[in-house]
Amino acid sequence: MKKTLMACVILLGASMASVADSIKSKTLLTIADAKTSPAVALDLGEPGDTIGDQWLFDQPLLDAERNKIGNNSGVCTRTQVGNSSQCRWTLTLINGTIEVAGREFDQGSSAIGIVGGTGEYQHISGELISFKNSDGTYTQTLTYTLANTINSKQPADAKSLITGVRENGHYSCSECHGVTGNPPITDKYDKQSPILAGQNYQYLRTQLNHFKFARRDTKEMANTLQDYNAEEINQIAFYFSQQTQTILPFDPTIDTLIHSATEDNLWADKGRVLYQQGDQSRGIVACQSCHGASGEGDSHQSIPKLLAQHARYVRMTLAAYKTGKRTTDQTLDKVMRQSVKNLNDDDIKYLSAYIQSMVVAP
Ligand code: HEC
Ligand code: HEC
């Protein structure tokens with residue numbers, strides 16, 4: 001399970017936060033796995049290879065190390081017998097989709113135009129070079145730029161993006177998350193706002209886009225990001241990722257359910273066992289295998305840092321995965337919904353207390 005997930009998220013290492021970087025063209029090497037999932041041929045018209053025959057495909061998309069990073073689906077129509085077809089297909093990746101179209105030759109390499117995209121790839125342009133490998137897979141190398149960032153107005157500095165009240169009248173981010181992403185502990189809103197300081201950049205950026213495009217169901221954050229452009233979102237994510245997290249003293253009575261400190265230590269102890277070892281007999285995978293021994297996550301793979309995150313937020317989040325309210329792991333093999341499905345309410349309580357109590361490993 002871990003392996004597949006790693007795979008899914010590996011590609012996110014690709015881009016950086018500065019404006020200069022986003023203007024430069026980027027390269028993304030992918031492999032369409034037509035070997036395990038061959039195209040389905042529709043032999044239309046006369047039997048055999050004739051004009052108008054079609055190939056339909058929906059196959060795993062892999063990175064250079066052959067880890068799954070998404071899907072490759074579309075259709076080719078035969079236009080020249082024994083030579084080439086006209087194709088159109090979609091690469092579905094974690095942060096959006098890329099649509100390509102053009103003439104693909106039976107042999108050698110073909111240059112296919114990138115015709116559009118969604119999500120992070122909304123204003124993409126460039127080309128994809130498709131090459132048929134001897135094992136039946138296709139290497140698809142994309143070279144592209146994200147044009148929107150070139151034309152966007154010079155972005156304001158990150159701090160003013162966070163502290164300013166936006167034109168749409170929403171609260172500033174700092175109101176709930178603090179200027180440095182170390183939020184005050186409060187009952188003012190239904191939920192404790194999560195700590196963002198020092199969180200992994202790729203993870204933050206992905207979540208901000210989930211909020212912007214309403215893919216993450218939430219009350220507090222609804223509509224807050226709609227008037228931020230892609231570059232501003234990158235800047236905000238980068239800014240919070242660079243802040244230092246204030247590790248709270250472990251007094252979970254301030255932030256977990258009302259109960260005694262003794263109980264709290266007991267919960268944290270039970271949570272530690274689940275976090276580090278899981279529980280095979282109940283089908284619970286050790287959280288540590290992905291989130292790391294000290295909850296540091298993995299910045300290259302978009303696995304969030306959990307270290308000392310507020311228990312109230314973690315508890316709410318685990319429950320949200322469990323009830324299927326939070327679906328942001330959709331393109332990650334539903335990794336969190338799978339991880340929490342066998343946890344009961346007590347397990348969630350224990351894990352939340354443990355996560356808040358975590359300290360950096362020596
Ligand atoms: C009214 C309070 C409030 C405001 C204003 C607010 N947030 Fe949030 N934020 C929350 C809460 C509560 C959550 C948890 C939401 C959930 O999971 O349902 C959250 C979640 C997040 C997350 C996800 C963190 C994670 O670990 O997954 C990010 C990132 C974030 N906010 C950034 C921002 C930014 C940037 C702004 C300003 C544009 C902002 N927030 C404005 C309360 C707020
Ligand atoms: C196979 C890898 C994997 C395992 C095992 C795993 N996680 Fe996760 N976890 C992830 C990934 C990836 C995400 C980000 C998913 C998303 O974008 O919604 C995540 C997200 C989370 C979040 C949300 C963080 C935030 O800031 O909102 C929490 C909390 C969490 N995991 C806790 C746990 C706990 C507790 C366990 C063990 C019971 C666990 N995870 C097991 C990979 C894993």
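No experiment lies behind these values; they were computed from the predicted model shown. (Residues numbered from 1 in each chain as written. Chains lettered and ligands numbered in written order. Predicted model: local features only at pLDDT ≥ 70, side-chain atom pairs only at ≥ 80, totals over all residues. Heavy atoms only, no water.)

Caption draft 1: Expanded view of the site of ligand 2. Among the 24 residues in the neighbourhood of ligand 2, the closest are listed as Cys287, Cys290, His291, Thr328 and Met336. Contact between ligand 2 and Tyr203: an oxygen atom at 3.0 Å from a side-chain N or O atom of the residue. A distance of 2.5 Å separates an oxygen atom of ligand 2 from a polar side-chain atom of Thr328. Breaking the shell around ligand 2 down by element, the ones donating at least two residues are α6 (201-212), α9 (288-291), α10 (311-322) and α11 (335-340). (Near = heavy atom within 4 Å. Polar contact = N/O pair within 3.5 Å; in protein donor to acceptor, adjacent residues only side chain to side chain. Helix = DSSP H or I, 4+ residues; strand = E, 2+ residues; numbered from the N terminus.)

Caption draft 2: Inspection of the packing of aromatic side chains at higher detail. Tallied over the full model, the rule gives 5 aromatic pairs. Ring centres of Tyr201 and Phe238 lie 6.0 Å apart, and the angle between their planes is 85°; on these two criteria the pair is classed as edge-to-face. Remark: Phe238 occurs in helix α7 (residues 230-242) and Tyr201 occurs in helix α6; sequence separation between them is 37 residues. Consider the rings of Tyr275 and Tyr354, whose centres lie 5.4 Å apart with planes at 55°: the pair is tilted. One end of the pair, Tyr275, is in helix α8 (residues 261-277); the other, Tyr354, is in helix α12 (residues 345-357), and 79 residues separate them in sequence. In terms of burial, Tyr275 and Tyr354 fall into one category: buried. (Phe/Tyr/Trp six-rings, centres within 6.5 Å; stacked < 30°, edge-to-face > 60°. Buried < 20%, exposed > 50% of the residue type's maximum accessible area, 1.4 Å probe, protein only.)

Caption draft 3: Structural view of the site of ligand 1. Close to ligand 1 lie 24 residues; Cys173, Cys176, His177, Tyr203 and Met221 are nearest. One of the side-chain N or O atoms of His177 is found 2.8 Å from a nitrogen atom in ligand 1. Tyr313 has a polar side-chain atom sitting 3.2 Å from an oxygen atom of ligand 1. Put simply, the parts of the chain that give the shell around ligand 1 at least two residues each are α5 (173-177), α6 and α10. Of all the elements, α6 adds the most residues to the shell around ligand 1, at 5 residues. Residues belonging to the shell around ligand 1 are distributed by class as follows: 16 nonpolar, 5 polar and 3 charged. (Nonpolar A, V, L, I, M, F, W, Y, C, P; charged D, E, K, R; others polar.)

Caption draft 4: Expanded view of the coordination of the iron atom of ligand 2. Around the iron atom of ligand 2, the protein supplies His291 (NE2) and Met336 (SD) as donor atoms, at distances of 2.0 to 2.2 Å. Taken together, the 6 donor atoms coordinating the iron atom of ligand 2 span angles of 88 to 178° at the metal, a pattern that classifies the geometry as octahedral. Pair noted here: His291 is in helix α9 and Met336 is in helix α11, with a separation of 45 residues, a long-range link. Like Met336, His291 is buried. (Donors = N, O, S within 2.8 Å, 3.2 Å for Na, K, Ca; no water. Tetrahedral: all angles 85-135°; square planar, octahedral: opposite > 155°, others 65-115°.)

Caption draft 5: Spatial organisation of the pairing of strand β5 (residues 84-93). With 7 of 10 residues buried, β5 lies mostly within the body of the structure. Looking at chain direction, strand β4 (residues 68-80) and β5 are connected through 9 bridges and run antiparallel. If you follow Thr77 over to β5, its bridge partner there is Gln86. Taking the residues between adjacent antiparallel strands as the criterion, β5 and strand β6 (residues 96-105) are bridged by 2 residues. (Pairing = 2+ DSSP bridges.)

Caption draft 6: Summary view of the coordination of the iron atom of ligand 1. For the iron atom of ligand 1, the full set of protein donor atoms is His177 (NE2) and Met221 (SD), at a range of 2.0 to 2.1 Å. Seen from the iron atom of ligand 1, its 6 donor atoms lie at angles of 83 to 178°, and the figure they make is octahedral. Residue His177 is located in helix α5, and its partner Met221 is located in the loop between α6 and α7; the two are separated by 44 residues in the primary sequence. We classify His177 as buried; its relative accessible area is 9%.

Caption draft 7: Looking closely at α8. The end-to-end C-alpha separation of α8 is 24 Å, in line with the 24 Å expected for 17 residues at 1.5 Å each. Taken as a whole, α8 has its buried residues at Asp264, Trp267, Ala268, Gly271, Leu274 and Tyr275. The buried side chains of α8 occupy one side of the element, clustering within an arc of 125° when seen end-on. Opposite its buried face, α8 presents the exposed residues Thr262 and Gln277, each directed more than 90 degrees away. Next to the buried residues of α8 lie α9 and α12. Downstream of α8 by a residue or two, Gly278 has a phi angle that is positive, lying close to 65°. (Expected span 1.5 Å × (residues − 1). Arc of directions from axis to C-beta. Contact = heavy atoms within 4.5 Å.)

Caption draft 8: Structural view of the pattern of salt bridges. Inspection of the entire model under this criterion finds 11 salt bridges. The salt bridge partner of Asp135 is Arg66, with a shortest N-O separation of 3.3 Å. With Asp135 in the loop between β8 (124-132) and β9 (138-146) and Arg66 in the loop between β3 (54-62) and β4, this residue pair connects regions lying 69 residues apart in the sequence. Of the residues examined, Asp135 reaches a relative accessible area of 30% and is grouped as partly exposed. Among the residues examined, Arg66 registers a relative accessible area of 41% and is labelled partly exposed. Measuring nitrogen to oxygen at the nearest pair gives 2.8 Å for the salt bridge that ties Asp106 to Arg78. Of this pair, Asp106 sits in the loop between β6 and β7 (109-117) while Arg78 is found in strand β4, placing the two residues 28 residues apart along the sequence. Residue Arg78 is classed as buried on the basis of its relative accessible area of 5%. Connected through salt bridges with shared partners, the residues Asp49, Arg78 and Asp106 form a single ionic network. (Salt bridge = Lys/Arg side-chain N within 4 Å of Asp/Glu carboxyl O.)

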